[in-house]
Structure formats: C-alpha cells, structure tokens
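What follows is each chain in one-letter form.
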Amino acid sequence: MEVLRNKKTLQDFIERQKEMGKKIGFAPTMGALHNGHLSLYEAARTENDLVISSIFVNPTQFNNAEDLKKYPRDVDRDLSMLEKSGLVDAVYIPEVQDIYPEKAESLHYDFDGLENEMEGKSRPGHFDGVGTVVEELFRQVKPDNAYFGEKDFQQLAIIRKMTEKKQLHINIVGVDIYRAENGLALSSRNQRLTESRRDDAKIIYETLVKVNDWFRVVSVSEIKNRVKDIFDDQKGMNLEYFMIADEKTLKETDFFYKDKLYRAFIVVVVDGVRLIDNMHLD
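Worth saying up front: this structure is predicted, and the values here are computed from it rather than measured.

## Observations regarding the packing of helix H1 (residues 7-19) against helix H7 (residues 126-141)
Alright, step 1. One way to put it is that H1 packs onto H7 with a least axis distance of 9 Å and a crossing angle of 50°. With respect to their mutual orientation, H1 and H7 come out oblique. Together, Lys7, Leu10 and Ile14 of H1 and Glu136, Gln140 and Val141 of H7 make up the contact between the two elements.
Alright, step 2. Classifying every residue of the contact of H1 with H7 by side-chain character gives three nonpolar, one polar and two charged.

Next comes the structure, spelled out in structure tokens:
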C-alpha cells in the first residue's frame, strides 16, 4: 500500500495509473477509521482496478473551532487498519496547503436547496465545506467511481448534486449503512461512548425498524408522536430531531404520496455524543 503525503506525489502516482488504463475507485475520509469505512473499500474493490483512500480532516466543514480541535486523529492507527484490510492500494494524506493553497475557506455552492434541509438548518456553511473539499479531491485523484456511506445520506445527496452540476463524470456510489451486531450505525463518534451506552443506543436502530413497520399504516404525525414517546422514556438521551423526508428533495413530508420514495432521519444525543441514522422506508 503506497502512502502519498503531498499533492505532487499523488499526481505522479495517478498519472502512472491512468497511463496503464486502470479504473480508479476512491473513498475520502477524515480518519478515525472503523469497519464502516472498510465496507466502502470492499465495495470499491469489486468494481475497480485500483482503490484509493484519503485521510484529511477538513477545516472548512466545522462550524465550531473546538469541534475541529477535538476531532479524533490517529493516522498511524488508520494506516495500520487499511494495510491489514488488504483492500486499499494507496492512501492520500494531504496537508492543508495541498487542498487550500491560499486560504482554507469554502467555495459557495447551489445544491438546489438540499443544503437547507436537516443538518443544514443548524450548520450553516457546512455543506459548502463538504463540496469544496470533495470537489478538490475529485480533481486531484480523478476517480472513475467514488464511494460514500448512506449513514450521511444528506452528504451523499449533496455530493451527487455537486458532481452533476460540475459535470465531473464520476459515478457516485452509495454504500449501505454498516451496523454493529445490535444495529447501531458505526460512527467515529461511537468511540466516545462506553460499551454499555453503545448497547443502549441500539434503540435508535430499533426505533427506525418500528417506523418502517408503521410506514403507510399510520399517519406521519402519529409516527412522530410515537418516536417522541420512545425517547422521552430514555435517560441520558435527547431526541434532537426525527423526520420523514422525500428521498430526492430531502424535504420533510406530512403525508405519504404513492409515487414518492421516503426515508426516516433521526438524530439522538447520547451522553453528549450526537448520533445520526436513517432508513429507507418500504
């Protein structure tokens, strides 16, 4: 596995691979890797000649400087995990100046309103930061296929929209949420919970399963009331929001229309740790 620590090294590497006609699969990360990340590389491995990872904690998608400072960083551990997996051919670990040669600030994007829903309401500018770093990484890595987990479904939708509008000709692949045995969606943030609280947090997934059972059987407002009741009974858990939205526009719905696809989105703060999850409803 090659470790590429600056833009010039990456460019030389990519040029050699392209000359050999290799199809490149890519999944960017901010490190703190876990099996959910590895599931992206497993998907990429089956569809590409070459699989590339990147590790870069992007400063422009943090609204709070303290959150950026606290973000877990252990590059040696991440590299060891990727090496042992045998799934990745090269890892790009850029410096800030490789991505932002002048100043670390976001470009402004129009994502057709996707950026104003859900996470965008409380994190202004966050998705401009995501779009900026992903577009730059795409232009440097030049992948044929790029892989993102459905746990961050809004981010996946934003990246699809950016790729389409910028005409980048990259196939964006959404990968199913990787879950622990108890159903909890794997996340770097989970590491901040005790084992017993990670087990308690399985109720987030169990609630989504119930929501899928209730889908089109009871009204949206009744489903929301039932979800609120579930979390009102949980100590140390705060339901930040629950909503059912159109999968295409991410706009919240208050009624189920036959010709639309829907997804349930939930954010729960467990002992101060913010956990997100979602589920397609069928």
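## Digging into the pattern of salt bridges
Alright, step 1. Applying the stated rule across the entire model yields 24 salt bridges.
Alright, step 2. One salt bridge connects aspartate 78 with arginine 77, and the closest N-O pair in it is separated by 3.0 Å.
Alright, step 3. Judged by relative accessible area, arginine 77 falls into the partly exposed class, the value being 36%.
Alright, step 4. Note that arginine 263 is salt-bridged to glutamate 247, the shortest N-O span being 2.8 Å. On the criterion of sequence distance, the pair formed by arginine 263 in strand S8 (residues 262-270) and glutamate 247 in the loop between strand S7 (237-246) and S8 is long-range, its members being 16 residues apart.

## Topic: the sheet that holds strand S9 (residues 273-281)
Alright, step 1. Taking strand neighbours across the sheet as the criterion, the three strands line up as S7-S8-S9 in an open arrangement whose pairing is antiparallel. Each end of this open sheet is capped by a strand with a single partner; those strands are S7 and S9. Direction aside, neighbouring strands of the sheet carry axes that sit 15° apart on average.
Alright, step 2. As defined by bridge partners, S8 adjoins S9 across nine bridges and the pair is classed as antiparallel. Following the sheet pairing, valine 267 is matched in S9 by isoleucine 276.
Alright, step 3. Packing against the sheet, helix H10 (residues 202-214) makes contact with S7, S8 and S9, and its axis sits at approximately 25° to S9.

## Comments concerning the environment of lysine 70
Alright, step 1. Mapped onto the fold, lysine 70 is located in helix H3 (residues 65-70).
Alright, step 2. The exposure class assigned to lysine 70 is exposed, which follows from its relative accessible area of 61%.
Alright, step 3. Considering only alpha carbons, one finds lysine 70 and valine 270, 200 residues apart in sequence, at a separation of 17 Å.

Cut-off values and rules
All residue numbers refer to positions counted from 1 along the written sequence of the respective chain. In keeping with the model being predicted, local features are shown solely for residues with a pLDDT of at least 70 and side-chain atom pairs are shown and tallied solely at 80 or more, while totals for entire chains, interfaces and linings include all residues. The basis for every side-chain value is the complete set of heavy atoms in the structure, and neither hydrogens nor water enter the calculation. With axes taken as lines fitted to C-alpha atoms, and helix axes fitted only over the stretch in contact, angles between N-to-C directions fall between 0 and 180 degrees. A run of H or I in DSSP becomes a helix once it reaches four residues, and a run of E becomes a strand once it reaches two; helices and strands are each numbered from the N terminus. Any angle that falls under 35 degrees is termed roughly parallel, while one over 145 is termed roughly antiparallel, one within 65 to 115 roughly perpendicular, and all others oblique. By definition in these notes, contact holds between two residues if any of their heavy atoms fall within 4.5 Å. Gly falls in the polar group here, along with every residue not listed as nonpolar (Ala, Val, Leu, Ile, Met, Phe, Trp, Tyr, Cys, Pro) or charged (Asp, Glu, Lys, Arg). Any carboxyl oxygen of Asp or Glu within 4 Å of a side-chain nitrogen of Lys or Arg constitutes a salt bridge here. Any residue under 20% of the maximum accessible area for its type is buried, any over 50% is exposed, and the rest in between are partly exposed; the area is computed with a 1.4 Å probe on protein chains only. Strands are labelled as partners when DSSP assigns at least two bridges between them.

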